[in-house]
Amino acid sequence: MVDIELELIGWLQQRLGAGVVVRDETDNNLASELPTVQVEGVGGDDDGFRLDRPLVDINVYAATRGDAIALAGQIKTMILHQLRGSTTATAVFGRTGTISLPAVRPYENTALRRVGATYEIFCHPVD
C-alpha cells in the first residue's frame, strides 16, 4: 500500500520549492507560513492486491485569493501532467484525474484564502 499523503508531500515540496510549505496538517502558525499546501487522503479504494486508487484533497492557503487560485492551478497541472506516469523511490503513479476542480473554500480565518481540489490517483508500490 502506498502512503499517498507522504508521497505527495515529498513530490510536491520538491517541485514547488522552499518558498512553499507542503504538509498534512495545518497548525496555529499557518498565517506565518504562507503559502501552505495541505495534502489529505480522503478515501478511495483498491483492488485488494496491488493497485490503490486514493482520493486526495489538496488545499492551498495563501494571503490573497489570486495567489491561492494560481498555486492551486499550478498543482492541478502538475498532478495531471507530471505525476501521471512518474515513479518515486517507493511508488509508481498511473492515471490521475480531477474529482473536484480547484475552487474557493471557506476558512474561518478571514485573513487567509483557501482554494481546494480533490484528485483521484492510481498508484502501486514499486516492488
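As the structure is a prediction and not an experimental result, all values here were calculated from the model.

**Q** Account for the pattern of salt bridges, naming residues and giving values.
**A** Summed over the entire model, instances satisfying the criterion amount to 6 salt bridges. Here Asp45 makes a salt bridge to Arg53, at a shortest N to O gap of 2.9 Å. With a relative accessible area of 21%, Arg53 lands in the partly exposed category. Among the salt bridges present, the one from Arg105 reaches Asp57, with a minimum N-O distance of 3.6 Å.

**Q** Outline the pairing of strand β5 (residues 113-125), listing residues and values.
**A** Along any regular strand, the residues point their side chains to alternate faces of the sheet. For β5, the tally of buried residues reaches 10 of 13 residues, placing the bulk of the element in the interior. Taken together, the 9 bridges between strand β3 (residues 52-62) and β5 define a ladder with antiparallel strand orientation. What sits directly across from Asn59, in β5, is Gly116. Here strand β4 (residues 91-105) runs beside β5; their pairing, made up of 10 bridges, is antiparallel. Within the sheet, the bridge partner assigned to Arg105 lies in β5 and is Arg114.

**Q** A description of the nonpolar core should follow, citing residues and the corresponding values.
**A** The biggest cluster of nonpolar side chains holds 29 residues, and the ones touching the most others in it are Leu12, Leu16, Val37 and Ile75. Per-element tally for this core: the top contributor is helix α2 (residues 65-83), with 7 residues.

**Q** Run through unusual backbone geometry, naming residues and quoting values.
**A** Negative phi is the rule for most residues except glycine; trans is the rule for most peptide bonds. Of the consecutive residues Leu34 and Pro35, the connecting peptide bond is found in the cis state with omega at -5°. When you line up the elements, Pro35 lands in the loop between β1 (21-23) and β2 (36-46).

Parameters and conventions
- Residues numbered from 1 in each chain as written.
- Predicted model: local features only at pLDDT ≥ 70, side-chain atom pairs only at ≥ 80, totals over all residues.
- Heavy atoms only, no water.
- Salt bridge = Lys/Arg side-chain N within 4 Å of Asp/Glu carboxyl O.
- Buried < 20%, exposed > 50% of the residue type's maximum accessible area, 1.4 Å probe, protein only.
- Helix = DSSP H or I, 4+ residues; strand = E, 2+ residues; numbered from the N terminus.
- Pairing = 2+ DSSP bridges.
- Core = buried A, V, L, I, M, F, W, Y, C linked by side-chain atoms within 4.5 Å.

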